[in-house]
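Chains, contacts and geometry: an overview
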Amino acid sequence: GQSLEQPSEVTAVEGAIVQINCTYQTSGFYGLSWYQQHDGGAPTFLSYNALDGLEETGRFSSFLSRSDSYGYLLLQELQMKDSASYFCAVRNRDDKIIFGKGTRLHILP
Amino acid sequence: EPEVTQTPSHQVTQMGQEVILRCVPISNHLYFYWYRQILGQKVEFLVSFYNNEISEKSEIFDDQFSVERPDGSNFTLKIRSTKLEDSAMYFCASKRGSDSEKLFFGSGTQLSVL
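About the cut-offs
Residues numbered from 1 in each chain as written. Chains lettered and ligands numbered in written order. Predicted model: local features only at pLDDT ≥ 70, side-chain atom pairs only at ≥ 80, totals over all residues. Heavy atoms only, no water. Pairing = 2+ DSSP bridges. Helix = DSSP H or I, 4+ residues; strand = E, 2+ residues; numbered from the N terminus. Disulfide = S-S within 2.5 Å. Buried < 20%, exposed > 50% of the residue type's maximum accessible area, 1.4 Å probe, protein only. Axes fitted to C-alpha atoms, helices over the stretch in contact; angles between N-to-C directions. 1 Å grid on protein atoms, 1.4 Å probe; cavity = no way out; pocket = protein on both sides within 12 Å on 5 of 7 lines; lining within 4 Å. Points joined across faces, edges and corners; volume = space filled by probe spheres on them. Nonpolar A, V, L, I, M, F, W, Y, C, P; charged D, E, K, R; others polar. Contact = heavy atoms within 4.5 Å. Buried area = accessible area lost by both parts, 1.4 Å probe. Salt bridge = Lys/Arg side-chain N within 4 Å of Asp/Glu carboxyl O.

Considerations on the pairing of strand 7 (residues 65–68) of chain B
All names here are of chain B. For strand 7 and strand 8 (residues 75–79), the ladder comprises four bridges, and the chain directions are antiparallel. Bridge pairing in strand 8 links Val 67 to Leu 77. With antiparallel pairing between neighbouring strands as the criterion, strand 7 and strand 8 make up a hairpin whose turn holds six residues, including Gly 72 at a positive phi of roughly 85 degrees.

What about the state of the cysteines?
Residues and elements named next belong to chain A. Taken as a whole and judged by the stated rule, the model has two disulfides over all chains. Put simply, Cys 22 and Cys 88 are joined by a disulfide, and their sulfur atoms are 2.1 Å apart. Around the S-S axis, the bridge from Cys 22 to Cys 88 shows a dihedral of about 75 degrees and counts as right-handed. Here the residue Cys 22 occupies a position in strand 3 (residues 18–25), and Cys 88 occupies one in strand 9 (residues 84–93), the gap between them amounting to 66 residues. Under the relative-accessibility criterion, Cys 88 is labelled buried at 0%.

So, the sheet that holds strand 7 (residues 60–65) of chain A
Residue and element names in this part refer to chain A. Read across the sheet, five strands follow the order 1-3-8-7-6 without closing on themselves; strand pairing throughout is antiparallel. Edge positions in the open sheet fall to strand 1 (3–5) and strand 6 (53–57), since each of these has one partner strand only. With direction set aside, neighbouring strand axes in the sheet form an average angle of 20 degrees. Relative to strand 7, strand 6 is paired through five bridges, and the arrangement is antiparallel. By the bridge assignment, Glu 55 is partnered in strand 7 with Ser 62.

Examining the sheet that holds strand 3 (residues 19–24) of chain B
Residue and element names in this part refer to chain B. Across the sheet, four strands lie side by side as 1-3-8-7; this open sheet has antiparallel pairing. Two strands close off the open sheet at either side, each with one partner strand: strand 1 (5–7) and strand 7. Sheet twist, expressed as the mean angle between neighbouring strand axes with direction ignored, is 20 degrees.

Re the layout of surface pockets
Here the largest pocket is characterised by a volume of approximately 390 Å³. Around the largest pocket sit 21 residues that line it, and Gln37(A), Gln37(B), Leu39(B), Gly40(B) and Gln41(B) are the ones nearest its centre. Looking at the lining of the largest pocket, the elements that each hand over two or more residues are strand 9 and strand 11 (103–108) of chain A together with strand 9 (88–95) of chain B. With three residues, strand 9 of chain B is the largest single contributor of residues to the lining of the largest pocket. Of the pockets and cavities examined, the second largest pocket occupies roughly 310 Å³. Secondary-structure elements contributing two or more residues to the lining of the second largest pocket are strand 1 and strand 10 (96–99) of chain A together with strand 5 (43–50) of chain B. With four residues, strand 10 of chain A is the single largest residue contributor to the lining of the second largest pocket. Partitioned by chemical class, the residues of the lining of the second largest pocket number seven nonpolar, four polar and six charged.

Considerations on the interface of chain B and chain A
Counting residues at the interface gives 21 residues for chain B, matched by 19 residues for chain A. For the pair chain B and chain A, the summed buried surface comes to about 1800 Å²; carbon and sulfur atoms form 59% of the total. Among the residues chain B hides against chain A, the three largest losses belong to Lys42(B), Glu56(B) and Glu101(B). Together they make up 33% of the total. Linking chain B with chain A are one salt bridge, by the criterion used here. Of all the secondary structure elements, the ones that give two or more residues to the side of chain B that touches chain A are strand 4 (31–37), strand 5, strand 6 (53–57) and strand 9 of chain B.

Right under this line is the structure:
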């Protein structure tokens, strides 16, 4: 089987940095993705890691350690608009992408 | 940016009725998916579709579910006899190819089974 674990909720202050962790168990691992979902909206793609290390896209970075089956999403210079749910997702075949349960990010002014 | 479009945005049906949810994936994409999400919960994989056939399906996707790409542009999900627990937001998604990691999601169809 496969499973992804991430915290259900995280709270941070506007302007700060927050890290959302994800651990996974899966077979045939190809890579780890992150998606953002605002209330009432569709998931939108943020980043993807296939290899170990850090990928940076503006204020968002994502990290992967394949040996630890672990990754994280790092959000810097938090803005109120970053309040959303964040899902890690595992690609383990060409055409199957499984999502975690999501982390609700609350941002305080 | 190109979009995945889904219709209708809301669908209300009686238990036991058939529903068809419609999606138009991005035109040059080759892989198509259906996911569902019960309010506030995880995005659950239902099925993936490539080269005019199902490539993967989850345990949720039982005999009551079917998918079809009838005309080269539309991608439909049919639920033959809806149950109360089928109430959820259903998302269609597509991606360009096997070398692409980015899923593009439609805005979803909220299905309510009464």
